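Summary of structural features
The chain contents come next:
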Amino acid sequence: MTVDIGNLAVRGQILRAGDPGYEDARAIFNGMIDRRPAMLVRVSDAADVAETLRFAREQKLEVSVRGGGHGVAGRALGGDLVIDLSALRAVTVDPGSRTAVVQGGATWGEVDQATQAHGLAVPGGRITHTGVAGLTLGGGEGWLSVKHGLACDNLLAVELVTADGRLLRVDDESEPELMWALRGGGGNFGVVVSFTFRLHPVGPMIVGGMIGYRVSDAPAVLEVLARLNAEGSEDLGAAAVFMAAPPAPFVPPELVGQHILAVAPTWFGEPEAGAQAVAPLREEVEPLFDAVGPMPYVALQAMLDAGSPPGLRNRWGSGFVETITPELIAASQEPLPGPMSHLIILPLPEAVRRLPELQGAFPGRMGGRWLVHPVATWMDPSGDERNLAWVSRMNAAVRPTGTYLNLEAPDDDRVRWAMGETRYRRLQRVKAVWDPDDVFRHCAHVTPWDGS
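Rules used throughout
Residues numbered from 1 in each chain as written. Predicted model: local features only at pLDDT ≥ 70, side-chain atom pairs only at ≥ 80, totals over all residues. Heavy atoms only, no water. 1 Å grid on protein atoms, 1.4 Å probe; cavity = no way out; pocket = protein on both sides within 12 Å on 5 of 7 lines; lining within 4 Å. Points joined across faces, edges and corners; volume = space filled by probe spheres on them. Helix = DSSP H or I, 4+ residues; strand = E, 2+ residues; numbered from the N terminus. Nonpolar A, V, L, I, M, F, W, Y, C, P; charged D, E, K, R; others polar. Pairing = 2+ DSSP bridges. Axes fitted to C-alpha atoms, helices over the stretch in contact; angles between N-to-C directions. Contact = heavy atoms within 4.5 Å. Expected span 1.5 Å × (residues − 1). Buried < 20%, exposed > 50% of the residue type's maximum accessible area, 1.4 Å probe, protein only. Core = buried A, V, L, I, M, F, W, Y, C linked by side-chain atoms within 4.5 Å.

Moving on to the layout of surface pockets. Approximately 310 Å³ is the volume found for the second largest pocket. Contributing to the lining of the second largest pocket are 18 residues, with Arg57, Asp435, Asp437, Asp438 and Val439 lying nearest its centre. Mapped by element, the contributors of at least two residues to the lining of the second largest pocket are helix H2 (46-59) and helix H14 (421-434). Broken down by element, the lining of the second largest pocket gets its largest block of residues, three residues, from H2. Its residues assigned to classes, the lining of the second largest pocket comprises nine nonpolar, no polar and nine charged.

Right, dumping it as structure tokens:
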């Protein structure tokens, strides 16, 4: 499709096929996504967003929105015209009020660097190049969630450009129903150009790292994790990962590349108490290696970056379950499809679960006590069949009671199932008010309420 830019008047950059920079602009995290939108508009402010939406309406172009471009579904490139927020990356911290205003194109690495300069943080992603916008609007679970809930639980306000081009400041007082929907209901309601977050004192030093075990010890290790989670310390979190042992200095050379179970514990309390907190993981099951100790919070946030570089081929799955069944453990011990693929099992923190089910639109609070997340990552298209089949087998073994939509490429039926009928109908009514023409459909899509 060729689009005449005609009367599109923006201060930002307009990119069409063949223009210098177009190929880089259309590259996103998941290398399996190879879409060529007619144009991308790298907006410079909210006025550019409103003008681009006007132009899209006039030209009858489908619109999608790119924040960090990290969503595995690749919906950032789903439209004929992409509103690209990547130039909007400012992070402004107010240490006195413990808040931060974060523009819609920022990444979590940028947020962490800015907030940690003041000894503050907000729950965010586990990969630094994850975009703030998509993660927050879909929930936002991360290392710090054990203590302070989801990113969306810490969202105080947004600046949002609506489908008809209005710029609104939205918070619990001005538009409570829309604010409810923005806390986990995805990108269905407008273009968020800035987020205001509540911050918390964190670090700068925490306790974290990795402990490695034999895959055959998985039942015992997961039992320890379940007990520690049930004890309910808001300072102690952990994720279990079935993975290939990385070529890291702390991994014995003979283990590199071998299938292991790694546990990544985190301790956000007083650092000197961290050793005692993680002691059961060291004492009750013999580890292959132990690389847990004091580290900067920003190092924890970047710890997994090397295993998740942009541009590789990715297929993910997700499911909440109430218990880790023997069948799931047996599936997790199956050989991995490649050296970068892995299966994550982590407890859903009480700091997330204890909030009222309809605190926000995020659907996973009571979906189960564990999140299971298979991640297939590979380089060569010749590996597609093997990796896709592995994710399918892992998803079949999960038998979920719910799912975390940020980690999937869900169709409309999957979104409705994940949300549940009561929440989904409420979201439909909000959608009908703010986007009745379904402009923002390239997301975890909710259809507007039609009265039926």
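Further remarks concern the sheet that holds strand E10 (residues 191-198). Pairing is antiparallel across the open sheet formed by five strands, whose spatial order is E5-E6-E10-E8-E9. If you trace the sheet from one side to the other, it starts and ends with strand E5 (91-94) and strand E9 (167-171), each paired once. Ignoring strand direction, the axes of neighbouring strands in this sheet form an average angle of 15 degrees. Examined bridge by bridge, strand E6 (residues 99-103) and E10 share five bridges and lie antiparallel to one another. When the bridges of E10 are listed, Thr99 appears paired with Arg198. Against the sheet, helix H3 (residues 108-116) touches E5, E6 and E10, its axis set at about 30 degrees to E5.

The terminal C-alpha atoms of helix H12 (residues 384-398) lie 21 Å apart, and with 15 residues this matches the ideal 21 Å at 1.5 Å per residue to within 8%. Taken together, the buried positions of H12 are Asp384, Asn387, Trp390, Val391, Met394, Ala397 and Val398. Where H12 is buried, its residues meet strand E18 (313-316), strand E19 (319-321), helix H10 (326-332), strand E20 (342-347) and strand E21 (370-378). Note on H12: the residue one or two positions beyond its end, Arg399, has a positive phi of about 50 degrees.

Along strand E4 (residues 81-84), one buried face is formed by Leu81 and Ile83 and the opposite face, lined by Val82 and Asp84, is buried too. Note that strand E3 (residues 63-66) and E4 share four bridges and pair parallel. From the neighbouring strand, Ser64 faces E4, where its bridge partner is Val82.

Among the nonpolar cores identified, the biggest contains 76 residues, and Leu182, Phe195 and Phe268 are the most heavily contacted of them. It is helix H6 (residues 176-182) that contributes the most residues to this core, five residues altogether. Membership of the second largest hydrophobic core comes to 39 residues, among which are Leu225, Leu261, Ile324 and Ala397.

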